[in-house]
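# Observations on chain architecture
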Amino acid sequence: RKRGGRSLRKYRQHCIFQYHYGGFPKRRRFLFQTVQIEMQGLEKETAIFFCAFLSGCVTVYAYQILNVVRGLWKHGRKLINAEDILYWLGISGYLFYQMYQTTYGIIRWYFILGVVAGAICTDQMVRKCRKWGAHRMQNRKGKAGKKVEK
């Protein structure tokens, strides 16, 4: 049987897809190809923004770990440059993977904004914690209530 120019099987698949996924994504013609563009809701965009925010936090924490390792073992200039290159290659791969998983490889400005916002907030938090820790270590007292000499 045909229904509106389609076979009944195709019509049922169409109805099942619309029921489960809320309709088909919009299509746009571009250079003789049909590209499906998925429209995202505000809830999904917010979730992607927070995922990007956490990715920005991970980038700053990874660099802080690299700085701690540099503080423990003194390095030459060439080794520091090699570490920086490896860090940036690793972080760019990580961010590409996160972008691919959350936005299907499409560059979204709210993803980039989330990464930058996460990195800035985490960096400010790390600086405040360092300042608080340095202040606390400076005013440390021993058991007798006297200042401890360094």
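Data block above holds the structure.
These notes cover the structure that comes with them. Just so you know, these numbers come straight off a predicted model, no measurement behind them.

### Quick notes on the overall build of the protein
Within the protein, the secondary structure is distributed over four helices and four strands. Mapped from its N terminus to its C terminus, the protein presents α and β elements in the order β-β-α-β-β-α-α-α. Here the protein holds 150 residues, and the buried ones make up 20% of them.

### A word on the pattern of salt bridges
Applying the stated rule across the entire model yields three salt bridges. In this structure, the salt-bridge partner of D84 is R70, at a minimum N-O distance of 2.5 Å. With D84 in helix α3 (residues 77-103) and R70 in helix α2 (residues 42-72), the pair connects residues that are 14 residues apart, well separated along the chain. Exposure class is identical for D84 and R70. Each is buried. Residue D123 pairs with R127 through a salt bridge whose shortest N-O separation is 3.3 Å. Linking D123 with R127, this pair stays in helix α4 (residues 109-138), spanning four residues, or about one helical turn. With a relative accessible area of 23%, D123 lands in the partly exposed category. Several salt bridges converge on common partners, so that one network encompasses R70, E83 and D84.

### With respect to the side chain of T103
Note that T103 resides in helix α3. In this structure T103 comes out as buried when scored by relative accessible area, which is 0%. Polar contacts involving the side chain of T103 include one to the main-chain carbonyl oxygen of M99, which spans 2.7 Å. Look past the residues within four positions of T103 in its chain and what remains in contact with it is I48, R108 and F111.

### Description of α3
Here α3 spans 38 Å end to end across 27 residues, near enough to the 39 Å set by a 1.5 Å rise per residue. What α3 keeps buried is the set I80, E83, D84, Y87, I91, L95, Q98, M99, T102 and T103. For α3, the secondary structure elements touched by its buried residues are α2 and α4.

### A closer look at the packing of aromatic side chains
Counted under the stated rule, the structure contains four aromatic pairs. One aromatic cluster is present, built from ring pairs that chain together Y63, Y87 and W88.

What counts as what
- Residues numbered from 1 in each chain as written.
- Predicted model: local features only at pLDDT ≥ 70, side-chain atom pairs only at ≥ 80, totals over all residues.
- Heavy atoms only, no water.
- Helix = DSSP H or I, 4+ residues; strand = E, 2+ residues; numbered from the N terminus.
- Buried < 20%, exposed > 50% of the residue type's maximum accessible area, 1.4 Å probe, protein only.
- Salt bridge = Lys/Arg side-chain N within 4 Å of Asp/Glu carboxyl O.
- Polar contact = N/O pair within 3.5 Å; in protein donor to acceptor, adjacent residues only side chain to side chain.
- Contact = heavy atoms within 4.5 Å.
- Expected span 1.5 Å × (residues − 1).
- Phe/Tyr/Trp six-rings, centres within 6.5 Å; stacked < 30°, edge-to-face > 60°.

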